[in-house]
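# Commentary on secondary and tertiary structure
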Amino acid sequence: GQQVMQIPQYQHVQEGEDFTTYCNSSTTLSNIQWYKQRPGGHPVFLIQLVKSGEVKKQKRLTFQFGEAKKNSSLHITATQTTDVGTYFCAGPQNYGQNFVFGPGTRLSVLP
Amino acid sequence: SQTIHQWPATLVQPVGSPLSLECTVEGTSNPNLYWYRQAAGRGLQLLFYSVGIGQISSEVPQNLSASRPQDRQFILSSKKLLLSDSGFYLCAWSLGGSGNTIYFGEGSWLTVV
């Protein structure tokens, strides 16, 4: 079945450094979504990418969807302690009946 | 606007006891509903999803079950809990169709002792 992988599993950065997490799907996706889960919290929707090669920005966060619509990345510029959490990518499955989530990348930011 | 509620937020249950977690969605009709489990520090494991009343799809065989007695109500149950059932349980909803996003409840922490 469809699989979604993410690397790295963990990332520790010093505050102010940049951070990137990569997401790869075994199949072409109609869209890809990113979620953030703060420690002790629930995943919260960040953004959805639909078009091949699409790039979207949210302040210090830059999201990119690959040309083949099988991979995506999330880049954070100048990390802050508020960026701490686990970042998940997800793609629809079964015509949107359910979603396949990557295993997540846990980001730690040292002040 | 749409909201999702799940309860209880935390519970500690002995091995072999029953379980019932409840989730309701407000502000939308005929949502897709989901139960996920997340072990400590791990990813999201889809347990069940439902596209309509009485329609339940199970992703992982186990001693848990789900029911959808009403359009916006989703219940996760177990007759006898195992230690391995401990974890963070998340209810979620989405609208049908691959272009929609999924929204999570605040989660329920279950510790089986």
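Residues numbered from 1 in each chain as written. Chains lettered and ligands numbered in written order. Predicted model: local features only at pLDDT ≥ 70, side-chain atom pairs only at ≥ 80, totals over all residues. Heavy atoms only, no water.

## Concerning the state of the cysteines
Covalently bonding the sulfur atom of one cysteine to the sulfur atom of another cysteine gives a disulfide. Tallying each qualifying case throughout the model produces two disulfides over all chains. In this model, A:Cys23 is linked to A:Cys89 through a disulfide, with the two sulfur atoms separated by 2.0 Å. Measuring handedness by torsion sign, the sulfur bridge of A:Cys23 and A:Cys89 sits at about 80° and is right-handed. Here A:Cys23, found in strand S3 (residues 19–25), pairs with A:Cys89, found in strand S9 (residues 85–93); they are 66 residues apart in sequence, far enough to count as distant. Each of the two residues, A:Cys23 as well as A:Cys89, counts as buried. Each disulfide pairs two cysteine sulfurs, and for B:Cys23 the partner residue is B:Cys91, the sulfurs being separated by 2.0 Å. On the S-S bond that ties B:Cys23 to B:Cys91, the torsion sits near -75°, and the link is left-handed. Of this pair, B:Cys23 sits in strand S3 (residues 19–26) while B:Cys91 sits in strand S9 (residues 87–94), and the two are 68 residues apart along the sequence. Classification of B:Cys23 by relative accessible area gives buried; the value is 1%. Among the residues examined, B:Cys91 registers a relative accessible area of 0% and is labelled buried. (Disulfide = S-S within 2.5 Å. Helix = DSSP H or I, 4+ residues; strand = E, 2+ residues; numbered from the N terminus. Buried < 20%, exposed > 50% of the residue type's maximum accessible area, 1.4 Å probe, protein only.)

## Focus: the sheet that holds strand S8 (residues 73–78) of chain B
Residue and element names in this part refer to chain B. If you walk across this open sheet you meet the four strands as S1-S3-S8-S7, and the pairing is antiparallel. Looking along the sheet, the strands with just one partner apiece sit at the ends: strand S1 (3–7) and strand S7 (64–70). Geometrically, the sheet is characterised by an average inter-axis angle of 15° between neighbouring strands, direction not taken into account. The pairing of S3 with S8 spans six bridges and is antiparallel. Following the sheet pairing, Thr24 is matched in S8 by Gln73. (Pairing = 2+ DSSP bridges. Axes fitted to C-alpha atoms, helices over the stretch in contact; angles between N-to-C directions.)

## Things to note about the side chain of B:Ser17
With respect to the element layout, B:Ser17 can be found in the loop between strand S2 (10–13) and S3. At a separation of 2.6 Å, a polar atom in the side chain of B:Ser17 contacts the main-chain carbonyl oxygen of B:Pro14. (Polar contact = N/O pair within 3.5 Å; in protein donor to acceptor, adjacent residues only side chain to side chain.)

## As for the interface of chain A and chain B
Counting from both sides, the interface comprises 22 residues of chain A and, opposite them, 25 residues of chain B. For the pair chain A and chain B, the summed buried surface comes to about 1,800 Å²; carbon and sulfur atoms form 55% of the total. Considering only the side of chain A, the residues that lose the most area to chain B are A:His42, A:Gln97 and A:Phe99, jointly responsible for 29% of the buried surface there. Taken together, chain A and chain B are joined by three residue pairs in polar contact (both at pLDDT 80 or more). Of all the elements in the fold, those that place two or more residues in the side of chain A that touches chain B are strand S4 (32–37), strand S5 (44–49), S9 and strand S10 (98–101) of chain A. Classifying every residue of the side of chain A that touches chain B gives nine nonpolar, 12 polar and one charged. (Contact = heavy atoms within 4.5 Å. Buried area = accessible area lost by both parts, 1.4 Å probe. Nonpolar A, V, L, I, M, F, W, Y, C, P; charged D, E, K, R; others polar.)

## Here we look at the sheet that holds strand S6 (residues 55–58) of chain A
Residue and element names in this part refer to chain A. Reading across the sheet, the five strands line up as S1-S3-S8-S7-S6 and stay open at both edges, with antiparallel pairing between neighbours. Looking at strand neighbours, the two that pair on one side only are strand S1 (4–7) and S6, the edges of this open sheet. Ignoring which end each strand starts from, the neighbouring axes of this sheet average 15° apart. Taken together, the four bridges between S6 and strand S7 (residues 61–65) define a ladder with antiparallel strand orientation. Residue Lys57 lies in a different strand from S7, and its bridge partner there is Thr62.

## Let's talk about the pattern of salt bridges
According to the stated counting rule, one finds four salt bridges over all chains in the structure shown. A:Lys56 serves as the salt-bridge partner of A:Glu54, at 3.8 Å between the closest nitrogen and oxygen. Residue B:Arg68 pairs with B:Asp71 through a salt bridge whose shortest N-O separation is 3.3 Å. (Salt bridge = Lys/Arg side-chain N within 4 Å of Asp/Glu carboxyl O.)

## Focus: unusual backbone geometry
At the junction of A:Ile7 and A:Pro8, the peptide bond is cis and its omega measures out at -5° in the coordinates. When you line up the elements, A:Pro8 lands in the loop between S1 and strand S2 (10–14). Cis peptide bonds are those with omega within 30 degrees of zero, and the linkage from B:Trp7 to B:Pro8 qualifies with 0°. Note that B:Pro8 resides in the loop between S1 and S2. Positive phi outside glycine occurs at A:Lys59, with the angle close to 55°. Secondary-structure assignment places A:Lys59 in the loop between S6 and S7. In this model, B:Asn30 sits at a positive phi of 50°, which is unusual for a non-glycine residue.

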